[in-house]
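# A closer look at the structure
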Amino acid sequence: MKSSHLTLGEFIIENQKHYKSTTGEFTRLISSIKLAAKVVNYKVNKAGLVNILGEAGFTNIQGEHQQKLDIYANKVFMETLINREIVCGIASEEEDEFITIKGKHETNENKYVVLMDPLDGSSNIDVNVSVGTIFSIYRRVTPIGTPVDEMDFLQRGNQQVAAGYVVYGTSTMLVLTSGNGVNGFTLNPAIGSFYLSHPNMKFPKNGKIYSINEGNYVHFPQGVKDYLKYCQEEKEDRPYTSRYIGSLVSDFHRNMIKGGIYIYPTSTKNPKGKLRLLYECNPMAFLAEQANGSASDGYQRILNIKPTELHQRVPFFCGSKKMVLKAEEFMAKYPEDAKYNEEELAEKK
Ligand code: P6P
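Read on for a plain summary of the structure. Only a predicted model underlies this, so the values are computations on that prediction, with no experimental measurement involved. (Residues numbered from 1 in each chain as written. Predicted model: local features only at pLDDT ≥ 70, side-chain atom pairs only at ≥ 80, totals over all residues. Heavy atoms only, no water.)

### So, the overall build of the chain
Cut-off, in case you're wondering: Numbering of helices and strands runs from the N terminus, with a helix taken as a DSSP run of H or I at least four residues long and a strand as a DSSP run of E at least two residues long. Exposure classes here rest on a 1.4 Å probe applied to the protein chains alone. A residue is buried below 20% of its type maximum, exposed above 50%, and partly exposed in between. To be clear on the numbers: accessible area is Shrake-Rupley with a 1.4 Å probe, and residue cover counts the displayed protein chains and nothing else.
A count of helices and strands for the chain gives eight helices and 15 strands. By residue count, 55% of the 349 residues in the chain fall in the buried class. Counting only carbon and sulfur atoms, one obtains 52% of the accessible surface of the chain, whose full area is about 14,900 Å².

What follows is the structure, encoded as structure tokens:
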């Protein structure tokens, strides 16, 4: 069967050995994420037509106003995963604490936990800009059959079993890795199936696009300011192009196809950065590395960072390997800025 006609389900079956689905649990888990993505996709694409836009009047643990679609997307992914009893625990940007999933008989023999940002970039919905879902999958580290514990979620990113995102854009795509490269699947809404459209996705080694909110320039650490000046100076290969749409998944996706770097650094406004380590930076870093890109906090590999709390934030430099390396060269001149989470680590001692 020509690979371009493979559905996501067929692709996983064909690549069984890579998808660790000894008991089919993993396949069922991806299948439930696929279903939830289709339901959210339908709502996101209809958002302009029904009275679901605008503030829901609640805020999440980040203190961010929750758009109604945030809440809706969280509900869809949670219910789909819980109803199918495929995982033993879930953590979400929209939930203050992690959720333990009990089985029918009060025990749950499943071995995977899922962490997710159900609708990232949701402030873009009202202006019809792409948004996305980000997910990260781990094997639990506590005994199967017992209630999950925080340590099942506070695992380093290099322990991820799989990670991916859904980008609800001009077309809806599910981009997935389980440690053997990155593959992109495009939804055919007429049929309701995701088809392999971007096999073996790779970041170009270098690129000419940088994605950062330059409105925060005065608040950036000096290393970031120096790197931005480097990107903007008149040289044979520069200035680069600035492209930032305020939606991590969309900026990442474009940069992976065209080559580029995405940066959300610390700033005086966000002293630890804005993006969350567990369900934004780790999954995107896993995808980046599997696509020959890289991801750091400006100083160390994102996937090596030991998490200390569920919603912790880290600075994020991610994209074409040579661009991330160059940015890190500028950051290295200011080692004091590497200590952005020092007091957090001190508290944990
Ligand atoms: P700012 C969306 O809220 C998000 O988490 C990312 O998707 C996006 O890249 C970033 O924050 C935008 O943040 O501060 O530039 O508006």
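### Looking at unusual backbone geometry
Here the residue pair Arg238 and Pro239 is connected by a cis peptide bond, since its omega of 10° sits within 30 degrees of zero. Topologically, Pro239 is positioned in the loop between helix H4 (222-232) and strand E12 (241-242). Unlike most non-glycine residues, Asn200 shows phi in positive territory, near 50°. For Asn200, a relative accessible area of 49% corresponds to the partly exposed category.

### Comments concerning helix H5 (residues 248-258)
Among the 11 residues in H5, nine count as buried, and that is most of the element. Looking at H5, one finds that the buried residues are Leu248, Val249, Ser250, Asp251, Phe252, His253, Arg254, Asn255 and Met256. Backbone geometry just downstream of H5 places Gly259 in the positive-phi region, at approximately 95°.

### Topic: the nonpolar core
Put simply, the rule is: Throughout this description, the term nonpolar core refers to a set of buried Ala, Val, Leu, Ile, Met, Phe, Trp, Tyr and Cys residues connected via side-chain atoms within 4.5 Å. The contact definition used throughout considers only heavy atoms, calling two residues in contact when any of these lie within 4.5 Å.
Core analysis: the largest hydrophobic core is formed by 40 residues, its most contacted members being Leu29, Val87, Leu119, Ile137 and Tyr168. Here this core gets eight residues from one element, more than from any other, and that element is helix H2 (residues 25-46). With residues up to four places along the chain from it excluded, the contact list for Leu119 reads Val40, Val44, Leu69, Asp70, Ala73, Ile125, Val131, Gly132, Thr133 and Tyr168. By size, the runner-up hydrophobic cluster in this structure holds 32 residues, among which are Phe252, Met284, Val314 and Tyr340.

### Re the packing of aromatic side chains
Threshold: For this analysis, a ring pair means two rings from Phe, Tyr or Trp (six-membered ring only for Trp) whose centres lie within 6.5 Å, classed as stacked if their planes differ by under 30 degrees, edge-to-face if by over 60, and tilted for the remaining angles.
Inspection of every chain in the model, using the stated rule, returns 11 aromatic pairs. Ring geometry for Tyr230 and Phe330: centres 5.5 Å apart, planes at 50°, overall tilted. Linking Tyr230 in helix H4 with Phe330 in helix H7 (residues 321-332), this pair joins segments that are 100 residues apart in sequence. For the pair shown, Tyr230 and Phe330 are each scored as buried.

### Let's talk about the environment of Asn124
Here Asn124 shows up in the loop between strand E5 (112-120) and strand E6 (131-139). As for Asn124 and Gly246, which are separated by 122 residues in sequence, their C-alpha atoms are 7.5 Å apart. In this structure Asn124 touches Val129, Ser130, Val131, Ile245, Gly246 and Ser247, once residues within four positions along its chain are discounted.

### Here's the deal with the sheet that holds E12
Sheet strands pair by backbone hydrogen bonding; their relative direction is either parallel or antiparallel. Rules: By this definition, two strands are paired if DSSP reports at least two bridges between them. Angles run from 0 to 180 degrees between N-to-C directions of axes, and those axes are lines fitted to C-alpha atoms, restricted for helices to the stretch in contact.
Overall, mixed pairing links the five strands, which are arranged E12-E11-E13-E15-E14 in an open sheet. Of all strands in the sheet, those with a lone pairing partner are E12 and strand E14 (293-296), marking the two edges. Sheet topology note: the E14/strand E15 (residues 316-320) ladder contains four bridges and is antiparallel. Opposite Ser294, over in E15, you have Gly319 as the bridge partner. Contacting strand E11 (209-211), strand E13 (261-264) and E15, H4 runs over the sheet at an angle of about 150° to E11.

### Some words on the site of the ligand
Applicable threshold: We call a residue near a given molecule or strand whenever any one of its heavy atoms falls within 4 Å of it. We call two N or O atoms a polar contact when they sit within 3.5 Å, provided that within protein one can donate a hydrogen and the other can accept it, with sequence-adjacent residues counted only if both atoms are side-chain atoms. Ten residue types, Ala, Val, Leu, Ile, Met, Phe, Trp, Tyr, Cys and Pro, are classed as nonpolar, four, Asp, Glu, Lys and Arg, as charged, and the remainder, Gly among them, as polar.
Taken together, Asp120, Gly121, Asn213, Tyr244, Gly246, Ser247, Leu248, Tyr262, Tyr264, Lys274, Leu275 and Glu280 make up the full set of residues near the ligand. One nitrogen or oxygen atom from the side chain of Asp120 is found 2.5 Å from an oxygen atom belonging to the ligand. At 2.6 Å, a side-chain N or O of Tyr244 approaches an oxygen atom of the ligand. When grouped by side-chain class, the residues that make up the shell around the ligand number five nonpolar, four polar and three charged.

### Thoughts on the packing of H2 against helix H3 (residues 68-83)
As a reminder, the rule being used: Working definition: roughly parallel below 35 degrees, roughly antiparallel above 145 degrees, roughly perpendicular at 65 to 115 degrees, and oblique for all remaining angles. Working rule for handedness: look at the near helix, and if it is turned counterclockwise from the far one by less than a right angle, call the crossing left-handed; if clockwise, right-handed.
At their nearest, the axes of H2 and H3 sit 9 Å apart, and the two run at 155° to each other. In terms of their interaxial angle, H2 and H3 are classed as roughly antiparallel. Considering only the axes of H2 and H3, their crossing is right-handed. Mapping the contact onto sequence places Leu29, Ser32, Ile33, Leu35, Ala36, Ala37, Val39, Val40, Lys43 and Val44 in H2 and Leu69, Tyr72, Ala73, Val76, Phe77, Thr80 and Leu81 in H3. Partitioning the contact of H2 with H3 into residue classes produces 14 nonpolar, two polar and one charged.

### Thoughts on the pairing of E15
Most of E15 sits inside the fold, with five of its five residues counted as buried. Two strands pair when backbone bridges link them, and E13 and E15 are joined in this way by four bridges, in the antiparallel orientation. Within E15, the position partnered with Ile261 by the bridge is Gly319.

### Overview of the pairing of strand E9 (residues 182-188)
Within E9, six of the seven residues are buried, leaving the element largely enclosed by the surrounding structure. The turn linking strand E8 (residues 172-177) back onto E9 is made up of four residues, and Gly179 within it adopts a positive phi angle of 100°. Bridging between E9 and strand E10 (residues 193-198) involves five bridges; their strand directions are antiparallel. What sits directly across from Leu187, in E10, is Phe194. Here E9 hands over to E10 after four residues, with Gly192 in that stretch at a positive phi of 85°.

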